[in-house]
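Listed below are the residues making up each chain.
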Amino acid sequence: MPELPEVETVRISLHDKLVGQEITWLKVREFIGVLGGDDPAAFSARVVNRTVASTRRRGKYILIDLDDGSVLVVHLRMTGNLSLLHRHDEKVRFEHLAIGIGDEMSLRFADQRKFGRVVHLLPQEAGTIESKVGPEPLSASFSAEVLTSSLQRRTGPIKSILLNQKVIAGIGNIYADEALFRARIHPLTPANELSVLQIHSLHRAIRQVLREGLLNRGTSISHFRDGAGQEGENQDNLKVYGKGRIGAPCPRCGQPLQFLVIGGRSSHFCPKCQRSSLTY
DNA sequence: TGTTATGTTGCCAT
DNA sequence: TATGGCAACATAAC
């Protein structure tokens, strides 16, 4: 479900309603594992009575900064969902954690598949997130040169490399396929065989598809909703993702799109527009 | 009714 | 270190 645009959409939808609010109570439901092995009572003791200082996003992580320098780290994985409801609203389906926000609201974390986590990092642990992810693709520091240097020593298929969070933070299966289509690069191309022009094209395409995803407030193919329960619109903007299996026509050339499993992930592309050794 | 796929990541083996 | 396979889990769609 959630890649950079979706995660950022959730964060933005919650930010103003969380900042400055006190965490007043906390309830862990049946799935205690949501806390990543932490003890519910200890977790609660560290978090309750703290105030939300700010929210941030790093890759696919939502970071909720508390006033003591500690951080609530939320990862939605495949089917995780954050929603801000009134405190007396019914428990939502698959709810694993409810966090009281001020006197009236509660932030619910729900996750059908139980892969997602909400962990609390002490101030001295807050840096561990940084060691898990690479550059932010929409930041000014993510240049074509930065991308070049991380691709040139890798031999794996570019599709798989784009999914590596240490190479670029926040790209998932949808935006990887969309970026490769825009850059006209075959997903199986070994990363270190891309030409300078192809890397520049890919760099531009990555930023473009992520920005569009963000402007459309995320891609809602099945599960995705923002913090207010709103669906995104970017599913209408997808050019190839999900279309290869049915052989839908390429929006550029009309050829049937193709489907491949690459690194265990479904991959959709145009065999004509995205050729393996395209020289400019 | 059974099988298969699902947008993520970490662990394990090579 | 880089890469690939697979498991974690629940459900919908075939």
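Residues numbered from 1 in each chain as written. Chains lettered and ligands numbered in written order. Predicted model: local features only at pLDDT ≥ 70, side-chain atom pairs only at ≥ 80, totals over all residues. Heavy atoms only, no water.

Chemist: What is the right way to read the packing of aromatic side chains from this model?
Modeler: The geometry of an aromatic ring pair is captured by the separation of the ring centres together with the interplanar angle, meaning the angle of the planes. Following the criterion strictly, the structure yields zero aromatic pairs and no others. Positioned over the ring face of Phe-259 is Arg-245, at 4.1 Å from the centre of the ring. Lying over the aromatic face of Phe-181, Arg-252 brings its terminal NZ or CZ to 4.5 Å of the ring centre. (Phe/Tyr/Trp six-rings, centres within 6.5 Å; stacked < 30°, edge-to-face > 60°. Lys NZ or Arg CZ within 6 Å of the ring centre and 35° of its normal.)

Chemist: For this particular structure, what's the right way to read the nonpolar core?
Modeler: In a soluble, globular protein the nonpolar side chains are often hidden away together inside. Core analysis: the biggest nonpolar cluster contains 28 residues, and Ile-23, Ile-64, Leu-72, Leu-82 and Leu-107 have the highest contact counts within it. Mapped by element, the contributors of at least two residues to this core are helix H1 (4–18), strand S1 (23–28), helix H2 (40–47), strand S3 (61–66), strand S4 (71–75), strand S5 (80–86), strand S6 (95–101) and strand S7 (105–111). Sorting elements by how many residues they give to this core places H1 first, with four residues. Setting aside its immediate chain neighbours within four residues, Leu-72 contacts Ile-23, Phe-43, Val-47, Ile-62, Leu-63, Ile-64, Leu-66, Ile-99, Val-118, Val-119 and His-120. Counting 27 residues, the second-largest nonpolar core is a separate cluster that includes Phe-142, Leu-163, Ile-171 and Ala-191. (Core = buried A, V, L, I, M, F, W, Y, C linked by side-chain atoms within 4.5 Å. Buried < 20%, exposed > 50% of the residue type's maximum accessible area, 1.4 Å probe, protein only. Helix = DSSP H or I, 4+ residues; strand = E, 2+ residues; numbered from the N terminus. Contact = heavy atoms within 4.5 Å.)

Chemist: Please clarify how the protein's contact with DNA strand C should be interpreted in this entry.
Modeler: Taken together, the residues surrounding DNA strand C are Arg-93, Phe-94, Gln-112, Arg-113, Lys-114, Phe-115, Arg-153, Arg-154, Thr-155, Gly-156, Pro-157 and Ile-161. Expressed as a percentage, the sugar and phosphate content of the atoms of DNA strand C within 4 Å of the protein is 61%. A distance of 2.5 Å is found between a phosphate oxygen of DNA strand C and a side-chain nitrogen or oxygen belonging to Arg-153. Measuring from a phosphate oxygen of DNA strand C, one finds a backbone N or O atom of Thr-155 at 2.4 Å. Across the surface near DNA strand C, the residue classes break down as four nonpolar, three polar and five charged. (Near = heavy atom within 4 Å. Polar contact = N/O pair within 3.5 Å; in protein donor to acceptor, adjacent residues only side chain to side chain. Nonpolar A, V, L, I, M, F, W, Y, C, P; charged D, E, K, R; others polar.)

Chemist: Just to check I follow, could you spell out the sheet that holds S5 for this structure?
Modeler: Strand-to-strand pairing in sheets goes through backbone hydrogen bonds, with the strands running parallel or antiparallel. Reading across from one edge, S1-S6-S7-S5 is the order of the four strands in this open sheet, with antiparallel pairing throughout. What marks the edges here is a single partner per strand, and that holds for S1 and S5. In this sheet, adjacent strand axes meet at a mean angle of 20 degrees when their direction is disregarded. Bridging between S1 and S6 involves five bridges; their strand directions are antiparallel. Its bridge partner being in S6, Trp-25 is matched across the sheet by Gly-100. (Pairing = 2+ DSSP bridges. Axes fitted to C-alpha atoms, helices over the stretch in contact; angles between N-to-C directions.)

Chemist: How should I be thinking about the pattern of salt bridges in this particular structure?
Modeler: Think of it this way: side chains of opposite charge can pair up when their charged atoms draw near. Counted under the stated rule, the structure contains 15 salt bridges. Glu-130 is the partner of Arg-58 in a salt bridge, and the nearest nitrogen-oxygen pair spans 2.7 Å. Of this pair, Arg-58 sits in strand S2 (residues 52–58) while Glu-130 sits in the loop between strand S8 (117–121) and helix H3 (144–151); the two residues are 72 residues apart in sequence, bridging distant segments of the chain. For Arg-58, a relative accessible area of 14% translates into the label buried. One salt bridge in this structure joins Arg-108 and Glu-95, with 3.0 Å as the shortest N-O distance. Linking Arg-108 in strand S7 with Glu-95 in strand S6, this pair joins segments that are 13 residues apart in sequence. On the basis of relative accessibility, which here comes to 2%, the residue Arg-108 falls in the buried class. (Salt bridge = Lys/Arg side-chain N within 4 Å of Asp/Glu carboxyl O.)

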